Amino acid sequence: MRWIDVRSDTVTHPTPAMRDAMAHAEVGDDVYGDDPTVIELESRVAARLGKEAALFVPSGTFGNQLALFTHCRRGDEVVLGDDCHIVWHEGGAAAVIAGVNLRTVASDQGVLDPAAVAARLRCTDDIHEPKTGLVCLENAHSNGRVIPLDNMAAIAAHAHALGVPVHLDGARLFNAATTLGVEAKQVAAHADSVMICLSKGLAAPVGSMLAGSRDFITAARRKRKLMGGGLRQVGILAAAGLIALDSMTQRLDQDHANARRLAARLDALPGISVMRGQLDINMVWCRLAPEVDTVALMAALTAHGIRANPPEHGMMRFVTHWQITEEDVAKLATAVESGLTV
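Residues numbered from 1 in each chain as written. Predicted model: local features only at pLDDT ≥ 70, side-chain atom pairs only at ≥ 80, totals over all residues. Heavy atoms only, no water.

Looking now at the pattern of salt bridges. Side chains that differ in charge, positive against negative, can pair when their charged atoms come close. Following the criterion strictly, the structure yields 16 salt bridges and no others. In this structure, Asp328 and Arg2 form a salt bridge, with 2.8 Å as the shortest nitrogen-oxygen distance. Residue Asp328 is found in helix H14 (residues 326-339), and its partner Arg2 is found in the segment before strand E1 (4-5); the two are separated by 326 residues along the sequence. In this structure, Glu40 and Arg44 form a salt bridge, with 2.6 Å as the shortest nitrogen-oxygen distance. (Salt bridge = Lys/Arg side-chain N within 4 Å of Asp/Glu carboxyl O. Helix = DSSP H or I, 4+ residues; strand = E, 2+ residues; numbered from the N terminus.)

This next bit is on the sheet that holds strand E12 (residues 283-288). Reading across from one edge, E11-E12-E14 is the order of the 3 strands in this open sheet, with antiparallel pairing throughout. Each edge of the sheet is formed by a strand with only one pairing partner; in this case those strands are strand E11 (272-274) and strand E14 (315-319). Going across the sheet, the axis of each strand differs from the next one's by a mean of 30°, ignoring polarity. Looking at chain direction, E11 and E12 are connected through 3 bridges and run antiparallel. Paired with Ser273 across the bridge in E12 is Arg287. (Pairing = 2+ DSSP bridges. Axes fitted to C-alpha atoms, helices over the stretch in contact; angles between N-to-C directions.)

Our focus in this paragraph is the state of the cysteines. Tallied over the entire structure, the rule returns 0 disulfides. In this model Cys84 remains outside any disulfide bridge; the closest cysteine sulfur is found in Cys136, 7.0 Å from its own. (Disulfide = S-S within 2.5 Å.)

Our focus in this paragraph is the nonpolar core. In this structure, Leu41, Leu49, Val135, Leu173, Ile196 and Leu198 are the most contacted members of the largest nonpolar core, which totals 51 residues. In terms of residue count, helix H11 (residues 235-246) provides more of this core than any other element does, 7 residues in total. Dropping the residues within four chain positions of it, Leu49 is found in contact with Leu173, Ala184, Lys185, Ala188, Val194, Ile196 and Ala211. Counting 28 residues, the second largest nonpolar core, distinct from the first, contains Val274, Leu279, Val284 and Met298. (Core = buried A, V, L, I, M, F, W, Y, C linked by side-chain atoms within 4.5 Å. Buried < 20%, exposed > 50% of the residue type's maximum accessible area, 1.4 Å probe, protein only. Contact = heavy atoms within 4.5 Å.)

What follows is about the packing of aromatic side chains. All told, the structure shown has 0 aromatic pairs when counted by the stated rule. Across from the ring centre of Phe69, 4.3 Å away, lies the NZ or CZ of Lys223, which sits over that ring. Over the ring of Trp3 we find Arg307, and its NZ or CZ is 4.4 Å from the ring centre. (Phe/Tyr/Trp six-rings, centres within 6.5 Å; stacked < 30°, edge-to-face > 60°. Lys NZ or Arg CZ within 6 Å of the ring centre and 35° of its normal.)

Of all 5 residues making up strand E10 (residues 208-212), 5 are buried, and the element is well covered by its neighbours. The two faces of E10 match: Ser208, Leu210 and Gly212 on one face and Met209 and Ala211 on the other face are all buried. Two strands pair when backbone bridges link them, and strand E2 (residues 53-57) and E10 are joined in this way by 5 bridges, in the antiparallel orientation. Within the sheet, the bridge partner assigned to Val57 lies in E10 and is Ser208. Pairing of strand E9 (residues 193-197) with E10, which is carried by 4 bridges, proceeds in the antiparallel orientation. Residue pairing for E10: Cys197 is matched across the bridge by Ser208.

As a further point, take empty space enclosed by the protein. Rolled over the atoms, a probe sized like a water molecule indicates the empty space that remains. For the coordinates displayed, the defined rule picks out 2 cavities of 30 Å³ or more. Quantified by volume, the largest cavity comes out at close to 100 Å³. Lining the largest cavity we find 15 residues, and of these Gly110, Leu112, Leu137, Glu138 and His141 sit closest to its centre. Within the residue set of the lining of the largest cavity, elements represented by two or more residues are strand E6 (111-112), strand E7 (132-138) and helix H7 (149-161). Among the residues forming the lining of the largest cavity, the class breakdown is 8 nonpolar, 5 polar and 2 charged. The volume enclosed by the second largest cavity comes to roughly 50 Å³. Lining the second largest cavity, in full, are Ala171, Arg172, Leu173, Phe174, Asn175, Cys197, Lys200, Gly201 and Leu202. Here the element with the most residues in the lining of the second largest cavity is helix H8 (residues 173-180); it accounts for 3 residues. Grouping the constituent residues of the lining of the second largest cavity by class yields 5 nonpolar, 2 polar and 2 charged. (1 Å grid on protein atoms, 1.4 Å probe; cavity = no way out; pocket = protein on both sides within 12 Å on 5 of 7 lines; lining within 4 Å. Points joined across faces, edges and corners; volume = space filled by probe spheres on them. Nonpolar A, V, L, I, M, F, W, Y, C, P; charged D, E, K, R; others polar.)

Quick look at the environment of Phe174 now. Here Phe174 is to be found in helix H8. Overall, Phe174 belongs to the buried group, its relative accessible area being 6%. Between the C-alpha atom of Phe174 and that of Met283, which follows or precedes it by 109 residues, the distance is 14 Å. Residue contacts for Phe174: discarding those within four places in its chain leaves Arg48, Ala184, Ile196, Leu202, Leu245, Thr249 and Leu252.

Attention shifts here to the environment of Glu90. Tracing the chain through its elements places Glu90 in the loop between helix H4 (85-88) and helix H5 (93-98). Note: C-alpha distance between Glu90 and Gln65 (25 residues apart in sequence) is 8.5 Å.

This is how it looks when you write it as structure tokens:
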């Protein structure tokens, strides 16, 4: 049976073109800095993001934590939203790797109040206070919302006025750019460093990229080695990354359209309320009524060949990607309907 997997866009398989490119990739040793395919990928990512240099890293969490480790000194404070990926889904790595404190700001579904961020910045000589070493933003947010660029600009202005750098968790940056109708470099423009994932909606099997100034990437390369991220013949993976960058970034609107189709179908069902304010990219977030039998719902999805994450705190998420067709969306909606008992 062919499974319809909507747990995340991390489940995407590499495309046939990626598999072919990986099989024939020209490789070297990336730790020595002589893998030509990695060099090409890093150069092209830097150009797309409007940065001087870029670095291949194994994962998005690795890239974010490498950014914190490179920007900050031990004991520094990192200011960021209380619902962002770095706080919720990176295993407390900031305390272990960079040795920094996370100081959170209340988030309005991913949007931070610039004044509230400014109030958190601590850059005085008071020996009682930790210094702010970094501000982190996320766009697109992992709740499915795209953050307005003027909001990012206002926050960056406050940080830069005090000499504090800004890092952007851009795991789904190209989804954000697609929704906003802008080039990727415009989303990245207000950040000193930016991480993008190649392995989510862009379908590469492994890998993310960290971009920034040339000096920043030089320092990050050394710390990447310390963290165990020197991966030798990475050209095999970078070959898929090049296709992700060139081809898969151009079709994300299809995933967004399928998410909207699914949202429309689900919103018409009893017991389900789609979170319309979080429908900017390829995610459909739903709130389930308390009387919904979630065990029966999950059983129905499995019986129809659908892999989905179970509800958590009354919320459920479905994620579209290149392997989810318009027909799959219809099957998914039918399966959900069959499993609802309200």
